[in-house]
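Each chain, letter by letter, is given below.
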Amino acid sequence: MPIDKVDKIWMNGKLVNWDDAKVHVLSHALHYGSGVFEGIRAYETDKGTAVFRLTDHMQRLLNSAKIYLKNLPYSLDELVEAAKETVRVNNLRSCYIRPIAFRGYGEMGLNPLDAPIDIAIAVWSWGAYLGEDGLKNGISAMISSFQRIDPNALPPAAKATGQYINSILAKMEAIYGGFDEAIMLDSRGFVSEGSGENLFIVKGGVIYTPSTSASILEGITRDTVMKLARDMGLEVVERDLVRSDLFLADEIFCTGTAAEITPIREIDKREIGKPGEITKKLQEKFFAVVKGEEEKYSDWLEYV
Ligand code: PPE
């Protein structure tokens, strides 16, 4: 997806012009994928622009860094403030926010420990990740021939740049196969997640989603949806799912910051159908929450 250029990018503590936010070709992370990142959304509300669960996302960035033995030179509060500032100076009412902390220029070779750490925060306008039509009518998905990374190979709990090569292989296979999205199975053969989304199914009025032992990234949207569903009186079960659970589901949807809540209408050519009642109810609730229309969840909104 093309990037809509804005004015400034926050880089190592300073706001720099968009075109000046550059790195050296010998940056460690470019060669070895030694970066960690986040994807966050800010939405327009009646009280101004609010970043959805900003602190939770920045905490996950710190967690990803911890997994890769990286000490970030900024605290949680400083990162939260820097993200707000970046949204503010670019005058965007709603946007996507991409913080990235990576091993920079100065050292080569697999030992990253002496390489410097650079941090940047960029923002831009990003519409519906899987298309407006996908959000409304659902997308098609295939079960990937690529297996989701195993926790003992690359920890899925870390949102690390290099790990996304796995998602990219699955995504390209799906696109070339004529599908919108890929769903990966874990190394045990159970359903894991989409290339950049967590997965939910609805069966007999109950919501099921793979647990954290199925090689998933513990999505913040996933957590949001589980809370909203339970507050609506729906039962949510985290458990292992097999591919026929997907084929025979009443409803399927995927969740992510970029994807928000996107229905899946077809999987491996088995029709699931139009977005179902529960999917639609959750979508409605989710968009009301992020837009600040639900007092009950106002703690999740961090105004810039
Ligand atoms: N799993 C994966 C592998 C993943 O990348 C994401 C987010 C999620 C689950 C959902 O997590 P959360 O955003 O906290 O609900 N994917 C991000 C990157 C997408 C991209 O193309 O880049 C995102 O949605 O921002």
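Residues numbered from 1 in each chain as written. Predicted model: local features only at pLDDT ≥ 70, side-chain atom pairs only at ≥ 80, totals over all residues. Heavy atoms only, no water.

Let's talk about the site of the ligand
As a reminder of what qualifies: What makes a residue near a molecule or strand is one non-hydrogen atom of that residue sitting within 4 Å of it. Nitrogen and oxygen atoms within 3.5 Å of one another constitute a polar contact, given that in protein one can donate a hydrogen and the other can accept it, and given that sequence-neighbouring residues count only through two side-chain atoms. Under the convention used here, a 1.4 Å probe and the Shrake-Rupley method define accessible areas, while residue burial counts only the protein chains that appear. A run of H or I in DSSP becomes a helix once it reaches four residues, and a run of E becomes a strand once it reaches two; helices and strands are each numbered from the N terminus. Residue ranges for the domains originate in an automatic or database domain assignment.
Looking at the ligand, there are 22 residues lining it, with Tyr96, Tyr129, Tyr164, Thr221 and Thr257 nearest. A distance of 2.5 Å separates an oxygen atom of the ligand from a polar side-chain atom of Tyr96. If the ligand stood free it would expose 550 Å²; the protein chains cover 94% of that surface. When contributions to the shell around the ligand are tallied by element, the ones reaching two or more residues are α2 (54-67), β6 (95-103), α6 (220-231) and β14 (251-256). Split by domain, the residues of the shell around the ligand number at least three in each of domain 1 (8-124) and domain 2 (132-290).

Things to note about the pairing of strand β7 (residues 117-124)
Which entries qualify depends on this criterion: To sort residues, take the accessible area from a 1.4 Å probe on protein chains only and compare it with the maximum for the residue type: under 20% means buried, over 50% means exposed, and anything in between is partly exposed. Here, strands pair whenever DSSP counts at least two bridges between them.
In terms of burial, β7 is largely enclosed, as eight of its eight residues are buried. Where burial is concerned, the two faces of β7 agree: the one with Ile117, Ile119, Ile121 and Val123 and the one with Asp118, Ala120, Ala122 and Trp124 are both buried. Relative to β7, strand β1 (residues 8-11) runs antiparallel, the two being bridged by two bridges. Bridge pairing in β7 links Trp10 to Ile121.

Section: the domain arrangement of the protein
The test is simple: Contact between two residues is taken to exist if any of their heavy atoms lie within 4.5 Å; hydrogens are not considered. By definition, the buried area sums, over both parts, the 1.4 Å-probe accessible area that each loses when the two are put together.
As far as domains go, the protein holds domain 1 (8-124) and domain 2 (132-290). Taken over C-alpha atoms, the centre of domain 1 sits 26 Å from the centre of domain 2. Counting residues at the interface gives 21 residues for domain 1, matched by 23 residues for domain 2. When domain 1 packs against domain 2, close to 1,800 Å² is buried across both sides, 62% of that on carbon and sulfur atoms.

Overview of the environment of Asp118
Relative to the elements of secondary structure, Asp118 occurs in strand β7. Residues contacting Asp118, with those up to four places away along its chain left out, are Asn12, Ile100, Ala101, Phe102, Gly104 and Tyr105. Within the structure, Asp118 has its side chain in polar contact with the side chain of Asn12 (distance 3.1 Å).

Focus: the pattern of salt bridges
For clarity, the cut-off: By salt bridge we mean one thing: a side-chain nitrogen of Lys or Arg within 4 Å of a carboxyl oxygen of Asp or Glu.
Across all of its chains, the model carries 19 salt bridges by this definition. The residue Glu181 makes a salt bridge to Lys171 at a minimum N-O spacing of 3.3 Å. Separated by ten residues along the polypeptide, Glu181 in strand β9 (residues 181-185) and Lys171 in helix α5 (residues 164-176) bring together distant segments of the chain. Using a relative accessible area of 1% as the deciding quantity, one classes Glu181 as buried. Owing to a relative accessible area of 22%, Lys171 belongs among the partly exposed residues under this scheme. Between Arg239 and Asp245 there is a salt bridge whose closest N-O contact spans 3.8 Å.

Re the packing of α6 against helix α8 (residues 277-290)
Quick note on the threshold: Every angle, taken between N-to-C directions, lies between 0 and 180 degrees, and every axis is a line fitted to C-alpha atoms, over only the stretch in contact when it is a helix. Any angle that falls under 35 degrees is termed roughly parallel, while one over 145 is termed roughly antiparallel, one within 65 to 115 roughly perpendicular, and all others oblique. Handedness of a crossing follows from how the near helix is turned relative to the far one, being left-handed for an anticlockwise turn of less than a right angle and right-handed for a clockwise one. Asp, Glu, Lys and Arg are counted as charged, while Ala, Val, Leu, Ile, Met, Phe, Trp, Tyr, Cys and Pro are counted as nonpolar; the rest, among them Gly, fall into the polar class.
α8 packs onto α6 with a crossing angle of 110 degrees between their chain directions and a minimal axis gap of 10 Å. On the basis of their axis angle, the class for α6 and α8 is roughly perpendicular. Considering only the axes of α6 and α8, their crossing is right-handed. For the pair formed by α6 and α8, the contact residues are Thr221, Thr224, Val225, Leu228 and Ala229 on the first element and Leu282, Lys285, Phe286 and Val289 on the second. For the contact of α6 with α8, the residue count by class is six nonpolar, two polar and one charged.

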